[in-house]
Every structure is written in structure tokens, then in C-alpha cells.
Amino acid sequence: MVPIDRGWAWVIVLVNFIIVSLIIGSASSFGLFFAEFMTEFQAPASSITIALSIQTIAFSISRIAHGFSYGPGLVELGRYFHKKRGIATSLAEMGVSCGGLVFPPVIRLLLDSYDLRGALIVIGGILLNLCVAGALMRPIAFYEHQQKDSEHDDGIWLTNSEMYSSGNIKDKAVYRNTMKNWASSQPDTHKNEYKENINAEDKVNGSSSCLGNMKQSLSSNRKGVVRNMCKKVIDIKVLRNALFRMWIPVCFLGVIGSVQILIFIPPHAKDLNISDGDIILLVIIVGVTNLISKLLMTLFVYCNCMSKHHMIAISMIITGVACLFINFYTDFLTMTILSAIFGVFGNVYFGLFPALLVDFVGLEMISGAMAINMLMQGLGLSISNPILGFLRDITGSFNASFYLMGITCIISGSILCFEPVCRKIEMPKSVGVSVESVVTHL
């Protein structure tokens, strides 16, 4: 029986916690490497952001490296939980906070001890723990195959008469020659069995025809493997869903602020002449407040105090407004305000979007929806990265970059206000599908 909402499902939560803490924790701390790259290679900000764009493209189309871990992990989490999906997702996403707390001081220590290249090597070794997490990722199909195997165990051990009873012989010569060769090598007492077995020749063809059918089936299945895999990974049928069509610009724009703000806080603080130690504290403040936010978010989801899309919309708008006041953050004390606001509200999007996608499209289409979601997030980051870098090179500060990130967050949150309209559009379709299924069963 599949352990839905129990048993191994909570191991999947732990696995996703590890994956998220490693991937998002290291990615969110990349801002600490940003200034180091600019200093090491004497490169402008736009060059560093272009490199970020290339990394993001690889991430979004891999579904290569981090992409193989992050997306599939969230999909499996959604399949293992039904009633407790919101809580499970929130608990798993706490890895973002823990990673944000652990990675900044570790990266700073590595940079001070081993310089940029040595620090990157050590971080790469730490990220290899993703292999350990992947080893624990047991797919739902494991239990389905296990159940089928137990049901058919009794059918494996068949007598000769049962094995040969499913068809008629077409190639009699093969059977006669086989039995004749066997009989000639046996004592006289067994030669009589040859005559008896010849009478059963009409029953042997069942097994040979079965093998022939198996070969044909394998040959035909092999041709359609790639086609079926593509359909499973990216199912364009999900685009017929009005709620998901609304979600596409939300994830495209919202990810710009949810990811980029934390990356640009350290280099912006560097431009304000804030010390390296205080910059580490700014990143840690984000992690601490984000952990508190995750706990409160889990409580909100459990008590059903507010819908998920409302929580994401409000958080995105507050984050965007905070970015628009970037001119007022001029020293360490004021920058802590931005870090705290982003920590509380900036990552609500990542904490809730997997569960929200399931609410929008259902479990049957979650894999295709997640693939398109990651693709759109990758496009948003890939396009915005060089733009944000060029704005810094042109204006001499990151203020214009924060303005752009704030505007995208506000627009993204505002689009979610149209959720009731899109749900009304989608409602007749879901009713029609349910009626059709009832009629089919009748």
C-alpha cells in the first residue's frame, strides 16, 4: 500500500529539506561570491550576471545538476501527500532558511581561508550530498510494482500442462527435435516419456507465441519511450487550465524578486562600504527571519487562516514595496530592515507554490505544470540577470536594479488577485470532467 501522508512520505519531506537547504541555501548565498568574482576577474557586474543567466538556463531546462534534484523532488513530495500537502511543503521549504543560516558563515570562512577557487571546490563537495538525498527518493511506482508482484507471485510457478495450455503449436518440428534430442540422451526408462510428450505438442506453441509477442511488444515499446517521456515531463495539456495560464506570468515575474534580491543585497552593501562581517550578518538575518516566517506560514496553512494564493500575493507586494525604498537604506542599520522584510515575505512564494500548483492543476498534471513552471522561472531569471547587471554598470549603483525587482514583485502579486475570475472560468471544465467520469462508471 502506498504510504500517503504517513510512513516513507515523511522521509520524502526530509529528503526535500536536504535538497532545498543545499540548492537554495548555496544559491541564495551567491551574493557573497558576487563581489569576489568582480574583484578576482576585474569584471563588471553585467558579466557576472550573464554567467548567472547561463547557469539558470541549464537549471531550468534540466528538469543538469540542481535541476534534476529540485523539480523532481517537489513533484514526488506532492504525490506522497494529499491532506497534509501544505504542511509537508512548508516543512520541506524550511531548508531554505537553514541553508541561508549555514552557508553564509561557511562561505565567508572558506573565502578567507582558501580564496575564491578553493571555496568553490569545497562548496562543490558539499553539494555532492545531493546524491545521498537522491538515494532516499523512493518513487510511488515502487509500491505499485511491489503490490503487483505480490498479487502475481502465485502465478509464476506453473506446471508444464499449465504453461503449455495457452495456445496451439505452429512449428511442430522445433518441439519434436527438442524432445527427440532429450530422449536420446536419457536411459531407456525415460524414452517412453518422449512419446507421451509428443502428444502434448499442440500445447507448446503457447509459450513460444508468448515469447514472440513479448519481443514484438518490447520492440514497439522501445520506439515510444522517448515520446512518452517527453509527454510526461512537459504535458502541454496543462496550458488549457485557466488558473495555470494566470500563474505563468506570476512565476515569470515573481521569481525575479524572490531570488535576485538576496543575491544583490551583499554587493549593494559592499557599495555602501559595509564591512564583510556585517554583510554576513545581513544574510544571516534573512535566514533567521525566513525561518520564523516558515513556522508562521506552516501554522497559517494548518489552520487554513488564509488561502495560499492570497499569502503569496500579499508577500510579493510587500517585498516589492520594500525594494522601492532602496534609497533609504544607506547603512548597516537600515539595511537590516530590508533583510528582515525580505526574510519574512520574500520566500513565501517558494514555500507555497508547489502546493498551490497542485490546487490549480491537480496531481495528474503536476509534473507537466512543474516543468513549465521551472522553465518560466529560468526564463525570468535568465532575462533579468543581465538587465540588472547592466543597470548597475550604467548608473553606478544597484538602486535601479532594486527598483526593477520591486516592480516585478508588485505586478506578480497583483496578477494573483485575478484568481477568482480564472477559477470561475475553470469551474465548468472540472464539473464536466466529474460528470463524464460518473457516466463512464455507470
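Residues numbered from 1 in each chain as written. Predicted model: local features only at pLDDT ≥ 70, side-chain atom pairs only at ≥ 80, totals over all residues. Heavy atoms only, no water.

Topic: the environment of leucine 416
Basically, it comes down to this: Each helix is a run of H or I in the DSSP string that is no shorter than four residues. Each strand is a run of E no shorter than two, and both are numbered from the N terminus. By the convention used here, residues are in contact when the closest approach between their heavy atoms is within 4.5 Å.
Mapped onto the elements, leucine 416 comes out in the loop between α19 (399-415) and α20 (419-441). C-alpha of leucine 416 to C-alpha of methionine 246: the two residues are 170 residues apart in sequence and 7.5 Å apart in space. Apart from residues no more than four positions distant in its own chain, leucine 416 is found in contact with Met246, Trp247, Val250, His309, Ile312 and Ala313.

Some thoughts on the pattern of salt bridges
Stated precisely, the cut-off is as follows: Salt bridges are counted wherever a side-chain nitrogen of Lys or Arg sits within 4 Å of a carboxyl oxygen of Asp or Glu. Only protein chains enter the accessibility calculation, which uses a 1.4 Å probe; a residue is then buried when its area is under 20% of its type maximum, exposed when over 50%, and partly exposed in between.
Summed over all chains, the structure comprises eight salt bridges. A salt bridge links arginine 117 to glutamate 40, with the shortest nitrogen-to-oxygen separation between them at 2.6 Å. Given the relative accessible area of 40%, glutamate 40 is considered partly exposed. Here glutamate 76 and arginine 79 are joined by a salt bridge, their closest N and O atoms 3.2 Å apart. With glutamate 76 and arginine 79 both in helix α4 (residues 66-80) and three residues apart, the pair spans about one turn of that helix. The network of salt bridges with shared partners includes Glu36, Arg108 and Asp112.

Quick look at the side chain of serine 258
Put simply, the rule reads: Polar contact is the term for a pair of N or O atoms within 3.5 Å; when the atoms are in protein, one must be able to donate a hydrogen and the other to accept it, and sequence-neighboring residues count only if both atoms are side-chain atoms.
In this structure, serine 258 sits in helix α13 (residues 242-271). From its side chain, serine 258 meets the backbone oxygen of glycine 346 in a polar contact 3.4 Å long. Those residues in contact with serine 258 that lie beyond four places of it in its chain are Met316, Phe342, Gly346, Asn347, Tyr349, Phe350 and Cys409.

Re the packing of helix α1 (residues 8-28) against helix α5 (residues 85-127)
A pair of packed helices can be characterised by two numbers: the angle between their axes and the separation between those axes. Heads up, the condition is: Angular values range over 0 to 180 degrees, each being the angle between N-to-C directions of two axes fitted as lines to C-alpha atoms, with helices fitted over their stretch in contact. Orientation labels follow simple angle bins: below 35 degrees gives roughly parallel, above 145 gives roughly antiparallel, 65 to 115 gives roughly perpendicular, and whatever is left gives oblique. Note on convention: the crossing is left-handed when the near helix lies turned anticlockwise from the far helix by less than a right angle, right-handed when the turn is clockwise.
In the contact formed by α1 and α5, the axes pass within 5 Å of each other and the chain directions differ by 40°. Between α1 and α5, the crossing angle belongs to the class labelled oblique. Of the two elements, α1 crosses α5, and the hand of that crossing is right-handed.

Some words on a nonpolar patch on the surface
Where we set the bar: Each patch is assembled from residues with relative accessible area greater than 30% and no salt bridge, linking like charges that lie within 9 Å and nonpolar side chains (Val, Leu, Ile, Met, Phe, Trp, Tyr) that lie within 5 Å. Here the open area of atoms and residues is found with the Shrake-Rupley method and a 1.4 Å probe, where only the protein chains shown may cover a residue.
Taken together, Val321, Leu324, Phe325, Phe328, Ile407 and Ile411 make up a surface patch of nonpolar side chains, about 530 Å² in accessible area. For the nonpolar patch, the secondary-structure elements that each account for two or more residues are α15 (308-324) and α19. Within the fold, isoleucine 411 resides in helix α19.

Things to note about the nonpolar core
Quick reminder of the rule: Buried residues of nine kinds, namely Ala, Val, Leu, Ile, Met, Phe, Trp, Tyr and Cys, make up a nonpolar core once their side-chain atoms join them within 4.5 Å.
Formed by 103 residues in total, the largest nonpolar core has its most connected members in Phe34, Trp247 and Phe402. If one sorts the elements of this core by residue count, α13 sits on top with 17 residues. Aside from chain neighbours lying at most four places away, what touches phenylalanine 402 is Ile261, Phe264, Ile265, His268, Cys323, Ile326 and Leu338.

Details of the confidence of the model for the protein
Counted only if it meets this: Confidence scores here are pLDDT values: one per residue, from the predictor, ranging 0 to 100.
Of all residues in the protein, 75% have pLDDT values of 70 or greater, and the mean over the chain is 79. The least confident element of the protein, judged by mean pLDDT, is helix α8 (residues 160-163) at 44; the most confident is α19 at 96. In the model, residues 154-172 has pLDDT below 50 throughout and makes 23 contacts with residues more than four positions away in sequence or in other chains. Counted against residues more than four places away or in other chains, residues 434-442, with its pLDDT under 50, gives zero contacts.

Describing α13
Our working definition: Expected span, for any helix, means 1.5 Å times one less than how many residues it has.
Taking 1.5 Å of rise per residue, 30 residues should cover 44 Å, and α13 covers 44 Å from first to last C-alpha, within 8% of that figure. Buried residues dominate α13, accounting for 24 of its 30 residues. Looking at where α13 begins, the residue whose side-chain oxygen comes 2.8 Å from the main-chain nitrogen of leucine 243 is asparagine 241. Of the residues trailing α13, asparagine 273 is marked for its positive phi of about 65°.

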